[in-house]
Amino acid sequence: IGRVYEGQWANDKRHGKGYERFSNGSWYLGDYDMGAISGKGIYTWVSGETYDGDWVNGIKHGFGSWKSAIGESFAGKWS
């Protein structure tokens with residue numbers, strides 16, 4: 001299956017709340033800003049690794065928590 005997006009749009013771009021499943025099986029649920037993952041959201045990689053927190057232009061930035069597939073974790077500020 002290919003890339004799938006369900007959520008809000010503005011000016012033909014993902015904007016607002018949304019859910020996206022990527023062709024590799026990873027997925028994201030959270031905020032978008034004019035097409036970019038920005039705001040609060042959770043990203044789950046196909047490996048089982050997760051990040052739940054703040055994003056700016058598709059990059060982890062601000063407060064968030066990361067957990068590896070084997071249980072390692074980090075919570076704090078990302079930049």
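This structure is a prediction, so every number in the text was calculated from the model and none was measured. Residue positions are counted from 1 within each chain, in the order its sequence is given. Owing to the predicted nature of the model, reporting of local features is limited to residues with pLDDT of at least 70; listing and counting of side-chain atom pairs is limited to 80 or more, with chain, interface and lining totals taken over all residues. Values shown for side chains rest on all heavy atoms present in the structure; no hydrogens or waters enter the calculation.

Before going further, it helps to spend a moment on the packing of aromatic side chains. Two rings from Phe, Tyr or Trp (for Trp, the six-membered ring) form a pair when their centres sit within 6.5 Å of each other. Planes less than 30 degrees apart are called stacked, planes more than 60 degrees apart edge-to-face, and all others tilted. Considering all chains together, one arrives at 11 aromatic pairs under this definition. With a centroid separation of 5.1 Å and an interplanar angle of 90°, the aromatic rings of Y51 and W55 are classed as edge-to-face. The same class applies to Y51 and to W55, which are both buried. Ring pairs connect the aromatic residues Y5, W9, F22, Y28, Y32, Y43, W45, Y51, W55, F74 and W78, which therefore count as one cluster. Two thresholds decide whether a charge sits over a ring: the Lys NZ or Arg CZ must be within 6 Å of the ring centre and within 35 degrees of the ring normal. Looking at R14, its charged tip hangs above the ring of Y5, at a distance of 4.9 Å from the centre. In this arrangement the basic side chain of K60 is found over the ring face of Y51, its NZ or CZ atom lying 5.8 Å from the centre. Think of it in three bands: with a 1.4 Å probe and only protein chains considered, a residue is buried below 20% of the maximum accessible area for its type, exposed above 50%, and partly exposed in between.

Relative to strand β6 (residues 59–67), strand β5 (residues 50–56) is paired through six bridges, and the arrangement is antiparallel. In the strand pairing of β6, Y51 is matched with W66. Two strands pair if DSSP finds at least two bridges between them. Only DSSP runs of H or I covering at least 4 residues are called helices, and only runs of E covering at least 2 are called strands; the numbering of each starts at the N terminus. Joining the antiparallel neighbours β5 and β6 is a turn of two residues, in which N57 adopts a positive phi near 50°. Across six bridges, the pairing between β6 and strand β7 (residues 73–78) is antiparallel. By the bridge assignment, G62 is partnered in β7 with W78. Here β6 folds back onto β7, and the loop between the two strands holds five residues, one of which, G71, carries a positive phi near 100°.

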